[in-house]
Amino acid sequence: MPSIRSLFILAAVLLSPALARAELRALTYERDVRPILKHHCFHCHGEGEKLKGGLDVRLRRLLVEPHGKDGAVAIVPGKPGESELINLVREGEMPQKGKKLSAAEIATLENWVAQGAKTARLEPAQVPVVWVSEEDREFWAFQPIKRSAAPAVKDAARVRTPIDAFLLAKLEAQGIGFNPEADKATLLRRVMLDLTGLPPTSEETAILLADDAPDAYARMVERALASPHYGERWGRHWLDVAGYSDSDGYNDADAARPWAFKYRDYVIRSLNADKPFDQFIREQIAGDEMVKQPWKNLAPADIDKLTATAFLRMVPDGTAGAEAADQPTARNAVVSETIKVVSSSLLGITVGCAQCHEHKHDPVPQQDYYRMRAIFEPALDVAKWRTPAARLVSLMTDEERAKAAEVEKEAKVIDAERKVKEDEFIEKVLTWELEAKPAEVREPLRTAYRTEVKKRTPEQLALLKDHPTINQLSGGSLYLYDRTYKTKHEAELKVFTEKATEIRKRKPVEQFIPVLSEVPAVPLPETHLFYRGMIDQPRDKMEPGELTVLAAFRPSPIPEKSPSLPTSGRRLAFAQSITDGKHPLTTRVLVNRVWHHHFGRGIVASLSDFGHLGDKPSHPELLDWLASEFVAKGWSLKALHRVILNSTAYRQTSARDGQKDRLDPDNRLLGRMNSRRLEAETIRDAMLRVTGKFNPKMFGAPVPVMLDDSGQVVVGVNTNDTAGRPSGKFVPLNGEEFRRSLYVQMRRSQPLGMLETFDLPRMEPNCEIRNASTVAPQSLAMMNSDFTLTQSKYLAERVVRDAGADAEAQVKRAWQLAFGTEPATSDVKDAVAFIAKQTATLKAHPVKLPPPRKGEEPPPADPAMQSLATFCQALMTSNQFLYVD
């Protein structure tokens, strides 16, 4: 009698049109069966040193050969009912662990066996060590990029760029088209938030609304691209995939990375300069191999190249504080996480899934993972490891060192003078203290005190121990003696100290950059395949190389050792290969990310997974056109923005349409613009911008964060003592607290509370795509957080400064600042009534608020200002503010 599971499978097969079509198609082992067995069975019946049950399923002929002690065969061609493999998966007995086969997968196996268990071609005599089939190479992401001509469309009048033609062709096939064009104010806010991450100012709005020229929109785009804030906005996107952090992570210590900001600043400068993206990538992968050693008196361009390699230093790194026993694991984690960052950001393939075994879904053999590891291991040599501090490169020039030495020499003269004066005081105090001792011990004590510590006899040590006021006398303890002279000691010595400090301020400050580099002229480390991914189980030695699946049509060997470089040259060769303009993955991945940030969804929705488990491209021809156009325009990111932002598709409204919602509910065809929630940093920055508090200062060390009294991470200087107890001190930041969120310290263990609520990613190791949740804590933060309440007060104060005391003028000005548009008459009327009612309520029932904490902005005292601040808060917490249309 068939089992319940078998009946369910039979029902699924009978009801599935896809399975019915599969029965009509000739099935082959390579195309249809091997992927299923690779996913579910290779782990036990193919990989490893011992085959379970003696069965190897990696070739069709092995399935029909006797195996195991009883000499059974796995399948009987033409007879699925007599095939052991089919019966075991039908009953759910195999695989024993992990997910069972789906009904569709079982049906495919059954149909294949019923058709005679055919292969597409003659199989090899032995299972290849690295096997990537022709069918694997046929997958869309591994095919060469093909530039197609823009298709002809009916509504040609709406085609501004080839992008529109590719999109319209699919829309028109469904009987639909683009939405109408959005109004100027909407487009301005959309472009400014997309390109600069900041809402438009009143001046920017006025300029566009007054410009009736046909190219007004295009020139507005150019102004945004020329803004220094462009590099900050798009730098943040890149820092996500790089896994940027101002701390090491890995463990609870989460040590700070004081010089990581140098990499952040490099990214911003590079994007503002529209550095060709292929150069941008090569510098980050192998900038150190482009700069001759020794690295002294570096030119700005060479500093950039070295700083760029911090891209490979961003993953969590606990090797500085790890115990000896944990070092192998901590070091290996750095290497494996670095490979993950590189592959997810530049290749769009989850290479890390092949660390322990063959990739279950994509054609990435385990050997490929370790071939890629061999590219990076000369710089991340686990046997000769260098901690983060040992990888810093000084930027101080010889001239600066000489000047520093000269200044230090001058300061030491003052130090010497201070020491003479200090010794005078010590001698006076010693004499006073000795006079209070018995006469018989005075000279022995004086002698013992003046004897060098390591030369003191046991008798002298014992004597000093019995007289601690003599034993502990030093320059640092003078203030403890004779309170009459305490002030005079301190005052005279302080003069010398302050003078020396002022002199030392003239020293050039030594700065550092975090760099990934190889130690030249040393034996290169060997990379071995780890059995099952276990670091203590090394097996075959691996040579450096790229993905095998690409080798058939673009062989690009990675050298074991470059003859022209003092280093291995492996990373440089790899960087040159993936940026040669012909790599099928790199440019597709890059332009797809840009598309995602403009439309809210990539042409391939899974930004870092172009493999079988990822999404298929909604418009494959458009994706390839964009990739080829990107290369043709010199890898210019700004040129790519231009062609996207000047398209009709980008300029349409986000209004919903019943017909389009039925035909394309997810808007994959882009018949309208997607409405998108602002990212965490953009929400904070937009608030700062509209309140007028925004500090536009760029670059430099991050603004510090700390825990407030309630345990929230806020912007501020931590003044706790060494035991972590609050000191009560407050250190003003002098406007630094109003800097852009990009410049706020990004500690893995202490994400800024305001940002974390709105899905600020934790870099573990990087962020491939941001989440955009809608949860209750977000509403609570907008209602009650100190930041929101303070910014609401600041906006109210700005409104009063700009509009005066007239209620209608205040409402209009607040609306303009928050939304960049004019309010409707009804909105003004309702808002004025709300403010008046709120003011009357507060006058009748005054709210007693607790006094502000030290450094905290007090709330408005006047009921009218309180009411206006409440209205401003409502504006900044509305969907119209938090979303971009």
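Describing the overall build of the protein chain
In step 1: When its secondary structure is counted, the protein chain shows 36 helices and 8 strands.
In step 2: If you line up the protein chain on its principal axes, its C-alpha atoms span 115 × 80 × 60 Å.
In step 3: With 885 residues in all, the protein chain has 51% of them scored as buried.
In step 4: When the accessible area of the protein chain is evaluated, it comes to approximately 40,900 Å², of which 56% is carbon and sulfur surface.
In step 5: The protein chain carries 122 positive and 120 negative side-chain charges, and their two centres are separated by 1 Å.

Some points on the packing of aromatic side chains
In step 1: Enumeration according to the criterion identifies 22 aromatic pairs in this entry.
In step 2: Both rings, one in W140 and one in F610, keep their centres 5.4 Å apart while their planes meet at 35°; by these two values the pair is tilted. Note that W140 is positioned in the loop between α7 (134-137) and α8 (162-173) and F610 in the loop between α24 (586-599) and α25 (620-632), a separation of 470 residues in sequence. Across this residue pair, the class does not change: W140 and F610 are buried.
In step 3: An angle of 75° between the planes, with centres 5.9 Å apart, marks the rings of F376 and F574 as edge-to-face. You can see F376 sitting in helix α17 (residues 366-376) and its partner F574 sitting in helix α23 (residues 570-578), a full 198 residues away along the chain. Note on accessibility: F376 and F574 belong to one class, buried.
In step 4: The rings of W238, Y263, Y266, F277, F280, F311, F630 and W635 are connected pair by pair, giving a single aromatic cluster.

Looking at the state of the cysteines
In step 1: Counted under the stated rule, the structure contains 0 disulfides.
In step 2: Cysteine C44 is unpaired, with the sulfur of C41 as its nearest cysteine sulfur at 8.5 Å.

So, helix α6 (residues 103-114)
In step 1: Here α6 spans 16 Å end to end across 12 residues, near enough to the 16 Å set by a 1.5 Å rise per residue.
In step 2: Where burial is concerned, most of α6 is hidden: 9 out of the 12 residues are buried.
In step 3: Among the residues of α6, those classed as buried are E105, I106, A107, T108, L109, E110, N111, W112 and V113.
In step 4: G116 sits one or two positions beyond α6 and adopts a positive phi of about 110°.

Quick look at the nonpolar core
In step 1: Core analysis: the biggest nonpolar cluster contains 112 residues, and W238, Y263, F277, I285 and W595 have the highest contact counts within it.
In step 2: The dominant element in this core, judged by the number of residues it contributes, is helix α16 (residues 327-347), at 7 residues.
In step 3: Within the second largest apolar cluster, 44 residues are counted, among which are V690, L760, A814 and F819.

Some details on the layout of surface pockets
In step 1: Empty space within the largest pocket amounts to approximately 1,500 Å³.
In step 2: Lining of the largest pocket is provided by 45 residues; of these, M706, D708, V714, V715 and D786 occupy positions nearest its centre.
In step 3: Within the residue set of the lining of the largest pocket, elements represented by two or more residues are β6 (705-707), β7 (713-715), α30 (753-757) and α32 (786-803).
In step 4: Per-element tally for the lining of the largest pocket: the top contributor is α32, with 5 residues.
In step 5: The residue inventory of the lining of the largest pocket, partitioned by class, reads 18 nonpolar, 17 polar and 10 charged.

Things to note about the confidence of the model for the protein chain
In step 1: Per-residue confidence for the protein chain gives a mean pLDDT of 93; residues scoring 70 or more make up 96%.
In step 2: Between residues 4-20, whose pLDDT stays under 50, and residues either more than four places distant or in other chains, the model counts 23 contacts.

Comments concerning the packing of α24 against helix α26 (residues 637-645)
In step 1: The geometry of α24 relative to α26 is characterised by a closest axis approach of 11 Å and an angle of 45° between their N-to-C directions. Compared by their axis directions, α24 and α26 come out oblique. Judged by the twist between their axes, the crossing of α24 over α26 is right-handed. Where α24 approaches α26, its residues V591, V594, W595, H598 and F599 are matched on the opposing element by L637, L640, H641, I644 and L645.
In step 2: Partitioning the contact of α24 with α26 into residue classes produces 8 nonpolar, 2 polar and no charged.

What about the packing of helix α3 (residues 29-40) against α6?
In step 1: Relative to each other, α3 and α6 sit at 135°, their axes nearing to 10 Å. The angle between the axes of α3 and α6 places the two elements in the oblique class. Here α3 runs over α6; the crossing is left-handed. In contact with Y29, D32, V33, I36, H39 and H40 of α3, α6 contributes E105, T108, L109 and W112.
In step 2: When its residues are assigned to classes, the contact of α3 with α6 shows 5 nonpolar, 3 polar and 2 charged.

Remarks on the pattern of salt bridges
In step 1: By the definition in use, this model includes 69 salt bridges.
In step 2: In this structure, the salt-bridge partner of E452 is K455, at a minimum N-O distance of 3.8 Å.

Reading the values: rules and limits
- Residues numbered from 1 in each chain as written.
- Predicted model: local features only at pLDDT ≥ 70, side-chain atom pairs only at ≥ 80, totals over all residues.
- Heavy atoms only, no water.
- Helix = DSSP H or I, 4+ residues; strand = E, 2+ residues; numbered from the N terminus.
- Buried < 20%, exposed > 50% of the residue type's maximum accessible area, 1.4 Å probe, protein only.
- Areas by Shrake-Rupley, 256 points an atom, 1.4 Å probe, with all protein chains shown as cover.
- Lys, Arg positive; Asp, Glu negative; His and termini not counted.
- Charge placed at Lys NZ, Arg CZ, Asp CG, Glu CD.
- Phe/Tyr/Trp six-rings, centres within 6.5 Å; stacked < 30°, edge-to-face > 60°.
- Disulfide = S-S within 2.5 Å.
- Expected span 1.5 Å × (residues − 1).
- Core = buried A, V, L, I, M, F, W, Y, C linked by side-chain atoms within 4.5 Å.
- 1 Å grid on protein atoms, 1.4 Å probe; cavity = no way out; pocket = protein on both sides within 12 Å on 5 of 7 lines; lining within 4 Å.
- Points joined across faces, edges and corners; volume = space filled by probe spheres on them.
- Nonpolar A, V, L, I, M, F, W, Y, C, P; charged D, E, K, R; others polar.
- pLDDT = per-residue confidence, 0-100.
- Contact = heavy atoms within 4.5 Å.
- Axes fitted to C-alpha atoms, helices over the stretch in contact; angles between N-to-C directions.
- Parallel < 35°, antiparallel > 145°, perpendicular 65-115°, else oblique.
- Left-handed = near helix turned anticlockwise from the far one by under 90°.
- Salt bridge = Lys/Arg side-chain N within 4 Å of Asp/Glu carboxyl O.

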